[in-house]
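Notes for the structure review
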Amino acid sequence: MKIVVHNDNPDRWCRALQAAFPRATVVTAEAPAEVRRGADYLAVWQPPEWLLAEQTQLKGIINLGAGVDALLDNPELPADVPVIKLRDAGMAAPMADYVLYGVLHFYRGFDGYDHQQQQARWAPQPLPDKADWPVGVLGLGAIGRHVAQALAEAGFPVLGWSRSAKHLDGVDCRHGEDGLDAVLAQAQSLVTLLPDTADTRGLINAERLAKLPPGASLINPGRGALIDESALLDALGDGDTPGHLRGALLDVFSTEPLPDDNPLWQHPRVWITPHTSAPTPLDGAIDQVIRYLHSFEAGKTPTAVNPDAGY
Ligand code: GLV
């Protein structure tokens, strides 16, 4: 068995995979071409086109992340090789922390207190009842469903939305276009955890932002492409004049790193983190990939990504 690894920590991955499969050839994409060629598996994050193009006998490509958008967009991705992605692999828990922080930021009024502090203004604001702060979670995959349930456990009413109907304890699950409208109409905080697909790109546009209650907040730790950034800026209003939305906590952007001149950087009601909401925990990810490789070698293809659906 031959495995080629490409990500930002390939040596650590090679050591772990070599220890799990002592008879395998496990190399990084830096290995000479004649060593890399003829791989059975690629374990990769955002691989260069040449790494996909040079392989001729792959049994599987393992995406070392949850989102497969970059891999599916790679023009050299072979159509007939199953793509397997990380599913949770330890990312759901830090993601739930990030989102809970974001919801509490707005629910507890830290956004307003931030600005009051800049003016040395002491003005306690009333604390809303959690029951009056429904949170909408768009995307109920392995990570989204964990986030939705963590928010429900924290006492917020949670409305979840997904493409197909789902049932989750403690979460009011909706689907379809009507379901999305119902979630948008109620969400005081909207959390976007959908994959980036042809169906979801630009989903949160001006029309849908306008369906949120006035003063709602947006938390996007999913993918930048889900949001129409200029519609978001319009909805946030200018300078000191708030618009329809109260604020946004954004971790992902249509261009990353976020360019220096992007107006989101300077906006007084936007909080930015650099695509760091749920870093992939190495041990969890390595364990999952080892399990995938054992399944493949036992003749059982792990659940593959549906390239038409995009996740
Ligand atoms: C990170 O963005 C991932 O898709 O795992």
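Above this text is the structure in question.
Residues numbered from 1 in each chain as written. Predicted model: local features only at pLDDT ≥ 70, side-chain atom pairs only at ≥ 80, totals over all residues. Heavy atoms only, no water.

Description of the overall build of the chain
Put simply, the rule is: By definition, any uninterrupted DSSP run of H or I lasting at least four residues is a helix, any uninterrupted run of E lasting at least two residues is a strand, and each is numbered from the N terminus. Radius of gyration here is computed from C-alpha atoms only, and the compact-globule reference equals 2.2 Å multiplied by the residue count raised to the power 0.38. Between two residues, a contact is recorded if the distance between any of their heavy atoms is within 4.5 Å. Calculation of accessible area relied on Shrake-Rupley with a 1.4 Å probe; when residues are assessed, cover is drawn exclusively from the protein chains displayed. We score Asp and Glu as negative and Lys and Arg as positive, and we do not count His or the chain ends. One atom stands in for each charge, and that atom is NZ of Lys, CZ of Arg, CG of Asp or CD of Glu.
Broken down by element type, the chain carries 11 helices and 12 strands. For the chain, whose C-alpha radius of gyration is 21 Å, the value lies close to the compact-globule estimate of 19 Å for 311 residues. In terms of principal-axis extent, the alpha carbons of the chain reach across some 65 × 40 × 30 Å. Nonlocal contacts in the chain, meaning residues at least 24 apart in sequence, comprise 60% of its contacts between residues at least 6 apart. For the chain, the accessible area works out to roughly 14,800 Å², and carbon and sulfur atoms hold 50% of it. Distance between charge centroids for the chain: 7 Å, based on 24 positive and 39 negative side chains.

Quick look at the environment of Val 103
Within the element layout of this structure, Val 103 appears in helix H5 (residues 92–107). Spatially, the C-alpha atom of Val 103 lies 9.4 Å from that of Trp 133, the residues being 30 residues apart in sequence. Setting aside its immediate chain neighbours within four residues, Val 103 contacts Trp 133, Val 135, Leu 151, Phe 156, Ser 189, Val 191 and Ile 219.

As for the pairing of strand E4 (residues 60–63)
What counts, and what does not: Three labels apply to residues, based on accessible area from a 1.4 Å probe with only protein chains included: buried if under 20% of the type maximum, exposed if over 50%, partly exposed otherwise in between. When DSSP finds two or more bridges between a pair of strands, those strands are recorded as paired.
Residues Gly 60 and Ile 62 point to one face of E4 and Ile 61 and Asn 63 to the other, with burial holding for every one of them. Across four bridges, the pairing between strand E3 (residues 41–44) and E4 is parallel. Its bridge partner lying in E4, Ala 43 is registered against Ile 62. Summarising the sheet, E4 and strand E5 (residues 83–85) pair through three bridges and their orientation is parallel. Among the inter-strand pairings, Ile 62 is bridged to a residue of E5, identified as Ile 84.

Points about the packing of aromatic side chains
What counts here: Classification of ring pairs uses Phe, Tyr and Trp, with its six-membered ring standing for Trp, and accepts pairs whose centres are within 6.5 Å; under 30 degrees between planes counts as stacked, over 60 as edge-to-face, and the remaining range as tilted.
Under the criterion given, the structure shown has four aromatic pairs. On the basis of an interplanar angle of 50 degrees and a centroid distance of 5.1 Å, the ring pair of Tyr 41 and Phe 296 is categorised as tilted. Placement of Tyr 41 in strand E3 and of Phe 296 in helix H11 (residues 282–297) is noted, with a sequence separation of 255 residues between them. Among the residues examined, Tyr 41 registers a relative accessible area of 0% and is labelled buried. Since its relative accessible area comes to 10%, Phe 296 is described here as buried. With centroids separated by 5.2 Å and ring planes inclined at 90 degrees, the aromatic side chains of Tyr 107 and Phe 156 adopt a geometry described as edge-to-face. Note that Tyr 107 is positioned in helix H5 and Phe 156 in the loop between helix H7 (142–153) and strand E7 (158–162), a separation of 49 residues in sequence. On the basis of relative accessibility, which here comes to 7%, the residue Tyr 107 falls in the buried class. One aromatic cluster in this structure is built from Tyr 107, Trp 133 and Phe 156.

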